[in-house]
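So the chains spell out like this:
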Amino acid sequence: MKVLKFGGTSVGTADRIRTVAEHIRKSGRNIVVLSAMSGTTNTLVEITDYLYKGNIPGAQETLNALEMKYSGVISALYDTEEAKARASMLIGENIGYVRALIQGEFAMAEEREILARGELMSTALMNEYFRECGVKSVLLPALDFMRTDSNGEPDMKYIATRLGRLMDLNPDADLYLTQGYICRNAFGDIDNLKRGGSDYTASIIGAVLNAEEIQIWTDIDGMHNNDPRYVEGTRPVGSLNFEEAAELAYFGAKILHPNCVLPAKLNNIPVRLLNTLQPEAPGTVIYNMPPDGSVKAVAAKDNITAIKVKSGRMLLAYGFLHKVFETFENHRTSIDMIATSEVGVTVTIDDDSRLAAIVDDLKHFGTVTVDRDMVIICVVGDLEWHNCGFESKAVAALADIPIRMISYGGSNYNISMLVHRDNKVQALQRLSEKLFG
Ligand code: ADP
Ligand code: ASP
Ligand code: MG
């Protein structure tokens, strides 16, 4: 059995839903994970934003526009009046649910309940479409099996048992359908796996079912060798190993949710990145690929803050780094990059919500300087240190761009360079010319 995940644009219109449904039907008895239709989660976020600001009419108007959009999809998607009526009822239930929440008390729990509606609606529409086409699809509600534990990690045993049971109850299904992104937390409340988390759902399901393959279907033909949103002429990378894929996903390659790699890697399940708009394209396969000594791709991670702590006598004073790292641990803030010298250390963080308190604490150990609006530019590949030349090429590509910090050697797979956000696009372009030109 395979896991097939379709992202927002793959189910973004009635036409796309039809195309994807045909593809799913032909691919056999698999388990299919759907994201919300493109734009829906953003609209739901906008509604919750209005509610946080106490602007009820703003939330209502935004919801009304969303409801209109869905009625358009229903009219275009189904042929029979019965199917249209059933789909309208299912969408109406979800919209009504949000409408009721708009009127009541609003806090984080309600926010998550609202955000869950996108995937509940897209799967309801697809399931009804299969029903109209005479395909026996069985909708497995993610809220009945997908759960995180008290650390926010997927509860793999629980998921395996519950999902297995649900599938066993429907042995004659032509295919199974479920929601990406949404889950319950350790308290049993509705929660989610963070933005873009449907990829993670697919990987968790692949791992617990020991699937043959996990396919991530999206709007581009695989992982490109640079960010296609900023660089022209990027090309798909044929294959990556799990480490390379994890580095790229973590450092900004939006095509893949960073957490998606680990469950697949631990269970040695290949992940294929494929294009719904061009299904015959080979895409990218991520597997336990042997080292090949090549640079694979470049990515960029935005909104980085660099914090430098300068001390008069750092290396002589053992325990200095410990105190610095402990400060970040106390504030539950993770560090991305590190550079050290005799007199100081610089680290980068992407979550700056505790920045003021962190800086305050660090001032006990040295002089603190903060650089904001930075970007990590990351070169990824099989960069084992005996293979000469790739570091010099990467640095040479940025010859006329100020580099705040460089990190290499933490793994065999990545060189990271920190630049100001004003230089990001130029840095990405230069690296493409130099490395893949
Ligand atoms: P989905 O909604 O299907 O999950 P996403 O928008 O999350 O799709 O991811 C696909 C997008 O990722 C592409 O449209 C592309 O703009 C962006 N992207 C960023 N970096 C890369 C990269 N290196 N390779 C391919 N796509 C990338
Ligand atoms: N619908 C969610 C989002 O937009 C999850 C996903 O698409 O993976 O973030
Ligand atoms: Mg995505």
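A brief look at the structure comes next. (Residues numbered from 1 in each chain as written. Chains lettered and ligands numbered in written order. Predicted model: local features only at pLDDT ≥ 70, side-chain atom pairs only at ≥ 80, totals over all residues. Heavy atoms only, no water.)

### Regarding unusual backbone geometry
- One non-glycine residue, Y181, lies in the positive phi region at around 75 degrees.
- Its location among the elements puts Y181 in the loop between β4 (175–179) and β5 (182–184).
- Non-glycine residue N210 carries a positive phi angle of around 45 degrees.
- With respect to the element layout, N210 can be found in the loop between α8 (198–209) and β7 (213–218). (Helix = DSSP H or I, 4+ residues; strand = E, 2+ residues; numbered from the N terminus.)

### What to know about the pairing of strand β2 (residues 31–34)
- Here β2 shows a buried face lined by I31 and V33 and a second buried face lined by V32 and L34.
- Sheet topology note: the strand β1 (residues 2–6)/β2 ladder contains four bridges and is parallel. Residue pairing in the sheet places F6 in a bridge with L34 of β2.
- For the crossover from β1 across helix α1 (residues 14–27) to β2, the handedness is right-handed. (Buried < 20%, exposed > 50% of the residue type's maximum accessible area, 1.4 Å probe, protein only. Pairing = 2+ DSSP bridges. Right-handed = clockwise from strand over helix to strand, strands pointing away.)

### Things to note about the site of ligand 2
- Contacts to ligand 2 come from S35, A36, T41, E119, Y181, R195, G196, G197 and S198.
- Between ligand 2 and E119, the relevant distance is 2.6 Å, taken from a nitrogen atom to a side-chain nitrogen or oxygen of the residue.
- Considered on its own, ligand 2 offers 260 Å² of accessible surface; in the complex 86% of this is hidden by protein. (Near = heavy atom within 4 Å. Polar contact = N/O pair within 3.5 Å; in protein donor to acceptor, adjacent residues only side chain to side chain. Areas by Shrake-Rupley, 256 points an atom, 1.4 Å probe, with all protein chains shown as cover.)

### So, the site of ligand 1
- The environment of ligand 1 is made up of 16 residues, and the closest members are K5, T218, D219, H224 and K254.
- Contact distances for ligand 1 include 3.1 Å between an oxygen atom and a side-chain N or O atom of K5.
- Contact with the protein chains hides 86% of the accessible area of ligand 1, taken as 570 Å² for the molecule alone.
- Grouping the amino acids of the shell around ligand 1 by side-chain chemistry returns five nonpolar, six polar and five charged. (Nonpolar A, V, L, I, M, F, W, Y, C, P; charged D, E, K, R; others polar.)

The values reported here are purely geometric and, on their own, carry no functional implication.
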